[in-house]
Amino acid sequence: MGGMRVAVVGGGANCEHEVSLASAASAVRALAGIHETVPVTIGPDGGWTGVDGERLTFAEAVDLLSGCEVVLPVVHGPGGEDGSLAALCELAGVTYVGSGVRAGALAMDKWATKLVAEAVGLRTAPGTLVTAGRTGRCRFDRPVVVKPVAAGSSHGVSLVRRPEDLDRALTEAFVLDDRVLVEHVVSGREVDVAVLARPDGTRLVSPALEIVADGLFDHAMKYGGHADFRLPAVLDAADAVALRTAAVRVFDALGCDGLARVDFFLTDDGPVLNEVNTMPGLTAHSQAPLMMAAAGLSYPELLDTLVRDAAWRGPRRPGAVGTGRVVL
Ligand SMILES: Nc1ncnc2c1ncn2[C@@H]1O[C@H](COP(=O)(O)OP(=O)(O)O)[C@@H](O)[C@H]1O
Ligand SMILES: [Mg+2]
């Protein structure tokens, strides 16, 4: 299969807009020379723009995507990664990269992820779901992390150490979602694993990456250039196996596809799952691409693999079980 026409969708109408733009621009650069790329952007207002920044109606945007062989949806967060773009592609009959509607929606929802992960034997932080209008039921009885159920890039996430700070943390989280998680603080190392599903059913699991942070891995640290990554993370053999096993187990339980980054806290009692990102940061310097490079897949190879695997599988249909194609 030679070069293809690949739409790279970036931006998005959520708090991760800028991060998605950076991921998409980086992906376009990496794919240039391998495929013909068609950059498409969703603005903060939800409006679509095409290759030269011209405004597109929604129908024109769908036409543009339909004219491409593969869509690479690089929109983190709600309205993209949460299955929305997968749904759009499925309804339009367009081939797309990555997790389908259901996995995107489940993984975007930190509460649903917790329930699924625990059901398949992973540990997660004990937490309470608080819905808008019910915050009065939330009492401070220990330090907690407060976070929107579905957001990203640490927006709206607070570490609350004092009772008087709980209300402000809840208010900030409720700006981004009408459901908020109040979790016990997990003390452990932050260690991530990237998983890539191949069409033959195999999973390429990366070496683990440790984020060395003093306190929360917050937005400033993620994007201010101060994050200190250790790749590969220094792990004993039992922890390394436990992380790999847990990463693949939750990836499969959620029904993920393509590339996902599975984030853990590594405690003295083993891994505790934090979250699963079905469209992780995708610049050349983001964690998942760095981890895949450590697994032997360079950044351009990773993107090309995602595109070719999607093309091989072809369009997915709403409600279809499996791909309807013979497994390699
Ligand atoms: N229960 C917890 N205990 C300790 N730290 C946490 C907990 N939940 C989140 N954090 C910290 O906050 C950061 C952002 O939270 P996360 O749930 O990953 O949200 P996001 O989707 O915005 O990345 C994490 O990387 C971690 O540093
Ligand atoms: Mg996170």
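Our focus in this paragraph is the site of ligand 1. Around ligand 1 lies a shell of 19 residues, among which Lys110, Lys147, Ser154, Glu183 and Glu190 are the nearest. Backbone polar atom of Ser154 to an oxygen atom of ligand 1: 2.6 Å apart, as the coordinates give it. At 2.9 Å from an oxygen atom of ligand 1 is found a side-chain nitrogen or oxygen belonging to Glu275. Of all the secondary structure elements, the ones that give two or more residues to the shell around ligand 1 are strand 8 (144-148), strand 10 (179-184) and strand 16 (270-277). Lining the shell around ligand 1 are residues from two domains, each supplying at least three of them: domain 1 (105-123 + 186-296) and domain 2 (126-184).

Paired through backbone hydrogen bonds, the strands of a sheet run either parallel or antiparallel to each other. Pairing within the open sheet is mixed, and its five strands lie in the order 4-3-2-1-5. Sheet topology places strand 4 (55-56) and strand 5 (70-73) at the edges, where each strand pairs with a single neighbour. Across two bridges, the pairing between strand 3 (residues 48-49) and strand 4 is antiparallel. Pairing of Trp48 across the sheet is with Leu56, part of strand 4.

Below, the discussion takes up unusual backbone geometry. The omega torsion across Leu231 and Pro232 is 0°, close enough to zero to call that bond cis. Topologically, Pro232 is positioned in the loop between strand 14 (228-230) and helix 8 (237-254). Here Ser153, not a glycine, exhibits a phi torsion of approximately 55°, which is positive. Its place among the elements puts Ser153 in the loop between strand 8 and strand 9 (158-160). Positive phi values are uncommon outside glycine, yet Ser154 reaches one of about 65°. Secondary-structure assignment places Ser154 in the loop between strand 8 and strand 9.

Looking now at the sheet that holds strand 8. Spatially, 7-10-8-9 is the arrangement adopted by the four strands of the open sheet, whose pairing is antiparallel. Two strands bound the open sheet, and with one partner strand each, they are strand 7 (127-131) and strand 9. Strand-to-strand twist in this sheet, taken as the mean axis angle between neighbours without regard to direction, amounts to 25°. Bridging between strand 7 and strand 10 involves five bridges; their strand directions are antiparallel. Counterpart to Val130 in the pairing with strand 10 is Val180. Packing against the sheet, helix 6 (residues 166-174) makes contact with strand 7, strand 8, strand 9 and strand 10, and its axis sits at approximately 25° to strand 8.

Another point: the domain arrangement of the protein. Domain boundaries assigned for the protein yield domain 1 (105-123 + 186-296) and domain 2 (126-184). Here the C-alpha centre of domain 2 lies 23 Å away from the C-alpha centre of domain 1. Taken residue by residue, the interface counts 13 residues in domain 1 and 18 residues in domain 2. The interface formed by domain 1 and domain 2 contains two salt bridges. Across the pair Asp109 and Arg179 runs a salt bridge, and its minimum N-O distance is 2.9 Å. Counting across the domain 1 and domain 2 interface gives five residue pairs in polar contact (both at pLDDT 80 or more). Split by residue class, the side of domain 1 that touches domain 2 holds six nonpolar, two polar and five charged.

Moving on to the pairing of strand 5. Across the two faces of strand 5 the burial is the same, with Val70 and Leu72 and Val71 and Pro73 all buried. Pairing analysis gives four bridges linking strand 1 (residues 5-11) to strand 5, with the strands arranged parallel. Across the sheet, Val8 pairs through a bridge with Leu72, a residue of strand 5.

Next up on the list: the pattern of salt bridges. Inspection of the entire model under this criterion finds 17 salt bridges. Here Asp263 and Arg261 are joined by a salt bridge, their closest N and O atoms 2.7 Å apart. For Asp263, a relative accessible area of 5% translates into the label buried. Classification of Arg261 as buried rests on a relative accessible area of 9%. Through salt bridges with shared partners, a single network forms among Lys114, Lys147 and Glu183.

Val8, Leu72, Leu259 and Leu303 are the most contacted members of the largest nonpolar core, which has 31 residues in total. When residues of this core are traced back to their parent elements, those giving at least two are strand 1, helix 1 (17-31), strand 5, strand 11 (189-197), strand 13 (209-212), helix 9 (287-294) and helix 10 (299-313). Element by element, the count of residues in this core is highest for helix 10, at seven residues. Beyond its immediate chain neighbours, meaning those up to four positions away, Val8 contacts Ala24, Ala27, Val28, Leu31, Thr37, Val38, Pro39, Val40, Leu72 and Val74.

We now examine the environment of Leu85. Within the secondary structure, Leu85 sits in helix 3 (residues 84-92). When the C-alpha atoms of Leu85 and Pro73 are compared, they prove to be 6.7 Å apart, with 12 residues separating the residues in sequence. Excluding residues that lie within four positions of it along the chain, Leu85 makes contacts with Val9, Ile42, Trp48, Pro73, Val75, Gly79 and Gly80.

What counts, and at which threshold
- Residue positions are given per chain, counting from 1 as you read along its sequence in written order.
- For naming, the first written chain is A and the first written ligand is 1, with later ones following in the order written.
- Since the coordinates come from a predicted model, pLDDT governs what is reported: local features require at least 70, and pairs of side-chain atoms require 80 or more to be given and counted, while whole-chain, interface and lining totals use all residues.
- Side-chain numbers here rest on the full set of heavy atoms in the structure, without hydrogens or water.
- Note on definitions. A residue lies near a molecule or strand when any single heavy atom of the residue is within 4 Å of it.
- Whenever two N or O atoms come within 3.5 Å, that pair is a polar contact, provided that in protein one can donate a hydrogen and the other can accept it, and provided that, for residues adjacent in sequence, both atoms are side-chain atoms.
- Numbered from the N terminus, helices here are DSSP runs of H or I no shorter than four residues, and strands are runs of E no shorter than two.
- An automatic or database domain assignment supplies the residue ranges for each domain.
- The criterion for strand pairing is that DSSP finds at least two bridges linking the strands in question.
- In this analysis an axis means a line fitted to C-alpha atoms, helices contributing only their contacting stretch, and an angle means the value between N-to-C directions, from 0 to 180 degrees.
- Should any heavy atoms of two residues lie within 4.5 Å, those residues are counted as being in contact.
- Each salt bridge in this description consists of a side-chain nitrogen of Lys or Arg and a carboxyl oxygen of Asp or Glu lying within 4 Å of one another.
- Each residue is assigned to one of three groups, with Ala, Val, Leu, Ile, Met, Phe, Trp, Tyr, Cys and Pro labelled nonpolar, Asp, Glu, Lys and Arg labelled charged, and all others, Gly among them, labelled polar.
- Burial here depends on accessible area, computed with a 1.4 Å probe over protein chains only, as a share of the maximum for the residue type. Under 20% is buried, over 50% is exposed, and the range in between is partly exposed.
- Nonpolar cores are built from buried Ala, Val, Leu, Ile, Met, Phe, Trp, Tyr and Cys residues. Side-chain atoms within 4.5 Å join them into one set.

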